[in-house]
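Commentary on secondary and tertiary structure
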Amino acid sequence: DPSGTFVQLRVSLAQTACGKRAPRRHSCRTVENRRKPTCLACYKFDTGDVPKVLDKYHNCGPSHHLAAKEIKHRDEAECRAVEEAGKAPSDGLYLPGMFAFSKGLPA
């Protein structure tokens, strides 16, 4: 994509029985019947030598929530908007607010 690089990451989290400062985190067991949020992150980077973030979106929500489908649809729409960041309009239209002009006062 000439407008930049789009990255989408989806992560499912699980609560464990270990404390935050436990020395051996790799052997922690998952606690059953606890929260298991799903997180979604979308980023769009430009094509420069040192990439800059053009747009981003991230959200973590419970996977068992009653409105999970609505949240998923909103997340997908937000990520599509992030993916479009930096792209020129394909039809070349000028939208309201793209340019601003002011009239100078007479001297």
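Residues numbered from 1 in each chain as written. Predicted model: local features only at pLDDT ≥ 70, side-chain atom pairs only at ≥ 80, totals over all residues. Heavy atoms only, no water.

Using the following cut-off: UniProt positions are given in the numbering used here, feature names are shortened, and annotations may be inferred rather than shown by experiment.
Looking at an unreviewed UniProt entry, one finds the protein named RARR2 protein, with Ceyx cyanopectus as its source organism. According to its UniProt record, the protein has this under Subcellular location (unreviewed entry): "Secreted".

**Focus: the overall build of the protein**
Here is the rule: For helices the rule is a DSSP run of H or I covering at least 4 residues; for strands it is a run of E covering at least 2, with both sets numbered from the N terminus onward. To sort residues, take the accessible area from a 1.4 Å probe on protein chains only and compare it with the maximum for the residue type: under 20% means buried, over 50% means exposed, and anything in between is partly exposed. We call two residues in contact when some of their heavy atoms are within 4.5 Å. Areas reported as accessible are Shrake-Rupley estimates using a 1.4 Å probe. Residue values count occlusion only from the protein chains shown.
For the protein, the helix and strand inventory stands at one helix and three strands. When the elements of the protein are put in sequence order from the N terminus, they spell out β-β-β-α. Per-residue burial for the protein yields a buried fraction of 16% across its 107 residues. Restricting the contact set of the protein to residue pairs at least 6 apart, pairs at least 24 apart contribute 57%. When the accessible surface of the protein is totalled, it reaches about 9200 Å², and 55% of it is carbon and sulfur.

**Side note on the nonpolar core**
Just so we agree on the cut-off: Among the buried residues, those of types Ala, Val, Leu, Ile, Met, Phe, Trp, Tyr and Cys that are joined through side-chain atoms within 4.5 Å form a nonpolar core.
Membership of the largest hydrophobic core is limited to five residues, which are Leu40, Cys42, Tyr57, Cys79 and Val82. Every element with two or more residues in this core is listed here: strand E2 (37-45) and helix H1 (68-83). Not counting residues up to four positions away in its chain, the partners in contact with Leu40 are Gln8, Leu9, Arg10, Tyr57, His58, Asn59, Asp75 and Cys79.

**Some words on the state of the cysteines**
What counts here: To count as a disulfide, a pair of cysteine sulfur atoms needs to be within 2.5 Å.
Counted by the stated rule, this structure contains three disulfides. The disulfide bridge from Cys18 ends at Cys28, spanning 2.0 Å between sulfur atoms. Disulfide Cys18-Cys28: the torsion about the S-S bond is -115°, which places it as left-handed. Of this pair, Cys18 sits in the loop between strand E1 (5-12) and E2 while Cys28 sits in the loop between E1 and E2, and the two are 10 residues apart along the sequence. Classification of Cys28 by relative accessible area gives buried; the value is 18%. Across the disulfide from Cys42 sits Cys79; the S-S distance is 1.6 Å. Handedness here is read from the sign of the S-S torsion; for Cys42 and Cys79, about 75°, the answer is right-handed. With Cys42 in strand E2 and Cys79 in helix H1, the pair connects residues that are 37 residues apart, well separated along the chain.

**Overview of the side chain of Lys44**
Checked against the element boundaries, Lys44 lands in strand E2. Judged by relative accessible area, which is 0%, Lys44 ranks as buried.

**Points about the pattern of salt bridges**
The test is simple: Here, a salt bridge means any Lys or Arg side-chain nitrogen found within 4 Å of an Asp or Glu carboxyl oxygen.
If you walk through the whole model with that rule in mind, you get one salt bridge. Close ionic contact of Arg74 with Asp75 constitutes a salt bridge, the shortest N to O distance being 3.6 Å.

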